[in-house]
Amino acid sequence: MSQKKVMLVYSLKNTFVLKDSLLLKQMGYEVLLIQSAPHSDLVRFFWNRIRELILGFYYIIKSEVVYSWFNDYHSTAAIFWANCFNKRSVIIVGGYDAVSSKKLDYGIFLKNNLRQSLARWNYKNASEIWVVHKSLSEGCTSATNQDKTESGILNFMPDLKTPIREVPTAYDDTFWQREGNKTSNSILTVANIADKRTYERKGIPLFVKLAEALPNYNFTIAGIQTKPKDFESLPKNIRLLGTLDREGLKKEYSRHQFYFQGSQIEGLPNVLCEAMLCECIPLGNSVFGIPDAIGATGHIFEGAKALASVIEFVERIKNTTELGEKARERIKNHYPIRRRAEAFVKSLNLTEDEN
């Protein structure tokens, strides 16, 4: 008997894409991958679309279900072929594909163009939509109040009939666990920063202000790909690191006392949850999935205006380890791999029922 297959399409080989691919393989499925990295030049852009059509046709015949990480150009061909061959398709929404931010020039619903039109078509024609946090379907009031960021698929498409499910990303608590001792008065943030927009969206300016306000603390920014001009005036207590692999990240999580997630737009941040599993005390902006991840294990603040509350919290509990231990237990209990595996099983079983 031949091994059953699923198709997984994506634009960037992010950690969550790799994790889902591995999980599906562990469940016994062969994963047919289509990666279409984003390109600005027209030749490579159109080549991606042609390649998606050709590979999509070839793979859909063999596949049980199509999964698309994020909703964008790369999703359309796969969903089109899924409909043609009466196969199920699932769009996994992570953040960009459910927001509109004029301030950051960010989000699939920002500009009324071909890209948005295709995204709307994809949402309407998919069998199911998964959001990593419910705010990506319902909207995030805190993000609107802070930066006038509009969000929520159903706010942009109130007549959408496609079923939407909250399916959080999942984390391996056997790998992500503290190794060694924490360094006192240390605060970490992780973000793949390739441009100024990402620098702003990930809340790095607020992280810099926090470092300036706490000169006796050691701060680390990991994931620097390109240094925006803002880095020229960084305080001396900030250390910069490039992109780290899993082992490198675990080392940094393990030795830092606090983890800072100051993002203006997020779904459910992988790095925040990984850091909490390594017993970092979380400090997070009150937008999208960040507050639900943190719960009562750290400090949730209301954007840049609440910097004083972050400083007060850090100074008040800097000598405790209890919150870090609670942070680990929260992620371990709320976002186990089992929960995501069950969602995949359900979507695959629906396909079998239809057949």
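Scoring rules and cut-offs
- Residues numbered from 1 in each chain as written.
- Predicted model: local features only at pLDDT ≥ 70, side-chain atom pairs only at ≥ 80, totals over all residues.
- Heavy atoms only, no water.
- Helix = DSSP H or I, 4+ residues; strand = E, 2+ residues; numbered from the N terminus.
- Contact = heavy atoms within 4.5 Å.
- Areas by Shrake-Rupley, 256 points an atom, 1.4 Å probe, with all protein chains shown as cover.
- Lys, Arg positive; Asp, Glu negative; His and termini not counted.
- Charge placed at Lys NZ, Arg CZ, Asp CG, Glu CD.
- Axes fitted to C-alpha atoms, helices over the stretch in contact; angles between N-to-C directions.
- Parallel < 35°, antiparallel > 145°, perpendicular 65-115°, else oblique.
- Left-handed = near helix turned anticlockwise from the far one by under 90°.
- Nonpolar A, V, L, I, M, F, W, Y, C, P; charged D, E, K, R; others polar.
- Pairing = 2+ DSSP bridges.
- Buried < 20%, exposed > 50% of the residue type's maximum accessible area, 1.4 Å probe, protein only.
- Phe/Tyr/Trp six-rings, centres within 6.5 Å; stacked < 30°, edge-to-face > 60°.

Undergrad: Hey, could you run me through the overall build of the chain in this one?
TA: In terms of regular secondary structure, the chain is built from 15 helices and 14 strands. The principal-axis extents of the C-alpha atoms in the chain amount to approximately 60 × 45 × 35 Å. Within the chain, residue pairs in contact and separated by at least 24 positions form 70% of the contacts whose partners lie at least 6 positions apart. Only carbon and sulfur atoms are counted for the fraction: they give 50% of the accessible area of the chain, which is about 16200 Å². On the chain, the mean spot of the 47 positive side-chain charges and the mean spot of the 39 negative ones are 2 Å from each other.

Undergrad: Where do I start with the packing of helix α2 (residues 42–60) against helix α3 (residues 73–84) in this structure?
TA: Working note: a packed helix pair is described by the angle between its axes plus the distance between those axes. One can describe the packing of α2 onto α3 by two numbers: an axis separation of 9 Å at closest approach and a directional angle of 30 degrees. Looking at the two axes, α2 sits roughly parallel to α3. The hand of the α2/α3 crossing is right-handed. Residue-level inspection shows Phe-45, Arg-49, Glu-52, Leu-53, Gly-56, Phe-57 and Ile-60 of α2 in contact with α3, the latter providing Tyr-73, His-74, Ala-77, Trp-81 and Ala-82. Its residues assigned to classes, the contact of α2 with α3 shows 8 nonpolar, 2 polar and 2 charged.

Undergrad: So what exactly am I meant to see when it comes to the sheet that holds strand β4 (residues 88–93) here?
TA: Pairing between the strands of a sheet comes from backbone hydrogen bonds, and it takes one of two forms, parallel or antiparallel. Strand order across the open sheet formed by 6 strands is β2-β1-β3-β4-β6-β8, with parallel pairing between neighbours. Here the strands that pair on one side only, and so sit at the sheet edges, are β2 (30–35) and β8 (164–166). Neighbour to neighbour, the strand axes of the sheet diverge by 20 degrees on average, direction disregarded. Pairing of strand β3 (residues 63–69) with β4 involves 5 bridges; the strand directions are parallel. Its bridge partner lying in β4, Ser-68 is registered against Ile-91. Taken strand by strand, α3 contacts β1 (5–10), β3 and β4, and its axis lies near 155 degrees from that of β3.

Undergrad: Please explain the sheet that holds strand β9 (residues 183–193) as it appears in this structure.
TA: The 6 strands lie next to each other as β11-β10-β9-β12-β13-β14, forming an open sheet whose pairing is parallel. Here the strands that pair on one side only, and so sit at the sheet edges, are β11 (238–241) and β14 (299–301). Across this sheet, the average inter-strand angle for adjacent strands is 20 degrees, counted without regard to direction. Against the sheet, helix α11 (residues 270–277) touches β9, β12 (256–261) and β13 (281–285), its axis set at about 160 degrees to β12.

Undergrad: What exactly am I supposed to notice about α3 here?
TA: In an α-helix, one full turn covers 3.6 residues, which means residues spaced three or four apart are oriented alike. Taken together, the buried positions of α3 are occupied by His-74, Ser-75, Thr-76, Ala-77, Ala-78, Ile-79, Trp-81 and Ala-82. In this structure, the buried residues of α3 make contact with β1, α2, β3, β4 and α4 (114–125). At the C-terminal side of α3, Asn-86 shows a positive phi close to 55 degrees.

Undergrad: Can you walk me through the packing of aromatic side chains in this structure?
TA: Any pair of aromatic rings gets described here by the distance separating the centres and the angle formed by the planes. Following the criterion strictly, the structure yields 23 aromatic pairs and no others. When the ring of Tyr-67 is compared with that of Phe-344, the centres are 5.0 Å apart and the planes differ by 80 degrees; the resulting orientation is edge-to-face. Taken together, the residues Tyr-67 in strand β3 and Phe-344 in helix α15 (residues 337–354) connect sequence positions 277 residues apart. What makes Tyr-67 buried here is its relative accessible area of 0%. Assessed through its relative accessible area of 1%, Phe-344 is described here as buried. When the ring of Phe-260 is compared with that of Phe-301, the centres are 5.6 Å apart and the planes differ by 15 degrees; the resulting orientation is stacked. Of this pair, Phe-260 sits in strand β12 while Phe-301 sits in strand β14; the two residues are 41 residues apart in sequence, bridging distant segments of the chain. Summarising the burial analysis for this pair, Phe-260 and Phe-301 share the class buried. These aromatic residues form a ring-pair network of at least three members: Phe-57, Phe-80, Trp-81 and Phe-85.

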